[in-house]
Amino acid sequence: MGSASSSAVSPTTTAETQALLRYTKPRLPAMARFRRLFAVRRVFAGADPRVCTAFWLFGIVNNLPYIITLAAALDIVGPSVPKATILLANVLPSLLCKLLASSLLHLIPYPALIIALTLLSTLGTLTVASASSLPVRFAGIALTSAASGVGEVACLGMTQYYGRFAIAFWSSGTGAASLLGAALYNVLTTGLGWRERRVLAVAALVPLLLAWGFFGVLPRAALQGRQARRSARSLELQLEPELVSRPRQAAKLFFPYILPLMLVYIAEYTINQGVAPTLLFPPSTTPFTHIRAIYPAYNLLYQLGVFISRSSTPWLRLHRQHLYLPAILQLSTLLFLILQSLHAFIPSIWLVFAIIFAEGLVGGLAYVNTFAAILEDADILGGGAKEREFAMGAVSVGDTAGICIAGLASLALEPALCAAQVRRGVEWCRMM
């Protein structure tokens, strides 16, 4: 009798216990996963502090003169010239140099390359700072652009010798340069009243950190194998049909890597250079006293988003099959903001601030995850070190090509949007 009673109660108790366990059990693992996700020691286990510091410096130094020049676009060319003019002068030389460097860079030793890039970037920034003639200023911008383009190809190529933390900290450094450049320009010009020439003169000292990071911080033993292969190949260069095979290899990279990155950059730089200068509100409804302060504020928020997302790969990853998602989001944002410029249906500038910040998040996420996916692809172009080095440089052409296309589109788009606003009786864009 007692045994039967026990067996009658047991199933109910067991069912209730199992239901309770099903209800409570996910809580602890979820919290544990959350703690593990943000456990810094676990996330950065195996990272060499010297490698992380060096590549973070490389990212900052390579991009900072470019970012400051874009932030100074209004002051360099004046209100009558479309801001996309500065953008094109900043990226066309970079694009041409990337196209050449991605195929030929493996023939040049990195120490000589770093010295040349340091000198070229310093010279270009000083030229922009000191020249009074607009054509000479554009020549200085072209020098800085060339140094930045080759520097990006070189540093991305180096990351394959140092692993996933190298690409993570390089990307974070480029994002930090974006934020630091925009913030520094705003503080020094708006806050301290410096003229753009003085800001650019200070920026000319930054490339010296590139040489210090390479020769004084980075452990270069990992590059010795590359140097040995380069020396052996140099004797057989005329027999090696690399320049003939490179276009075929680049074609294999186009749809999985280059195209989605290019679409993201077309959309976001069209927003930044062609649409954002027309997303204006009455100063009385903004945190600013003058309407000219709105465009630099957009730039600062965009760069903040870029920095956050380019620093996110230790915690958040998009893999190869998801690389088109940022492109879809960015193109949708471009269309939405064009409609806002034409019809002014958003009631508050704070909503536009949020959209511009989100645009930066999406753009940075696309950049860092594209190159992280290349490092993960063990069979890319055959899987050799030389092929992976080429792939990193070749895919970097995608962002620069996207910026060039955006610059050309913005040359027509910004004046057209401004003219449409003037026809509605809104002339704020002409006050920029």
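So, how was this worked out
Residues numbered from 1 in each chain as written. Predicted model: local features only at pLDDT ≥ 70, side-chain atom pairs only at ≥ 80, totals over all residues. Heavy atoms only, no water. Buried < 20%, exposed > 50% of the residue type's maximum accessible area, 1.4 Å probe, protein only. Axes fitted to C-alpha atoms, helices over the stretch in contact; angles between N-to-C directions. Helix = DSSP H or I, 4+ residues; strand = E, 2+ residues; numbered from the N terminus. Parallel < 35°, antiparallel > 145°, perpendicular 65-115°, else oblique. Left-handed = near helix turned anticlockwise from the far one by under 90°. Contact = heavy atoms within 4.5 Å. Nonpolar A, V, L, I, M, F, W, Y, C, P; charged D, E, K, R; others polar. Arc of directions from axis to C-beta. Salt bridge = Lys/Arg side-chain N within 4 Å of Asp/Glu carboxyl O.

## Here's the deal with unusual backbone geometry
We note that Ala 344 has phi near 50°; this positive angle belongs to a residue other than glycine. A relative accessible area of 45% means that Ala 344 is categorised as partly exposed.

## Side note on the packing of helix H7 (residues 110–130) against helix H11 (residues 208–217)
Geometrically, a packed helix pair is captured by the angle between its two axes and the distance between the axes. Running from N to C, H7 and H11 point in directions that differ by 160°, and their axes come no closer than 8 Å. Considering their axes alone, H7 and H11 lie roughly antiparallel with respect to each other. Along this stretch, H7 crosses H11, giving a crossing that reads as left-handed. Of the residues in H11, those in contact with Tyr 110, Pro 111, Ile 114, Ile 115, Leu 117 and Thr 118 of H7 are Leu 208, Leu 210, Ala 211, Phe 214 and Phe 215. A class-by-class count of the residues in the contact of H7 with H11 yields 10 nonpolar, 1 polar and no charged.

## Concerning helix H10 (residues 196–203)
An α-helical segment advances 3.6 residues per turn. Residues three or four places apart therefore align on the same side. Residues of H10 that are buried include every one of Glu 196, Val 199, Leu 200 and Ala 203, and no others. Here the buried residues of H10 occupy an arc of 95° about the axis, which is enough to place them on one side.

## Points about the packing of helix H16 (residues 349–376) against helix H17 (residues 385–423)
Axis separation between H16 and H17 bottoms out at 10 Å; the angle between their running directions is 160°. Relative to H17, the element H16 lies roughly antiparallel. Note on packing geometry: the crossing formed by H16 with H17 is right-handed. From H16, Tyr 367, Thr 370, Phe 371, Ile 374 and Leu 375 reach across to H17, where they touch Arg 388, Ala 391, Met 392, Val 395, Ser 396 and Asp 399.

## Details of the pattern of salt bridges
Inspection of the entire model under this criterion finds 6 salt bridges. Glu 376 serves as the salt-bridge partner of Arg 317, at 2.6 Å between the closest nitrogen and oxygen. Here Arg 317 is found in the loop between helix H14 (294–310) and helix H15 (324–343), whereas its partner Glu 376 is found in helix H16, with 59 residues between them in sequence. According to the relative accessible area criterion, Glu 376 is partly exposed, its value standing at 46%. Salt bridges sharing common partners tie together Lys 98, Glu 152 and Asp 399.

## Focus on the environment of Ile 308
Residue position: Ile 308 is located in helix H14. Sequence spacing of Ile 308 and Gly 175 is 133 residues, and the spatial spacing of their C-alpha atoms is 7.3 Å. Apart from residues lying up to four places away in sequence, Ile 308 is in contact with Phe 357 and Leu 361.

Any functional reading would require information beyond the geometric quantities listed.
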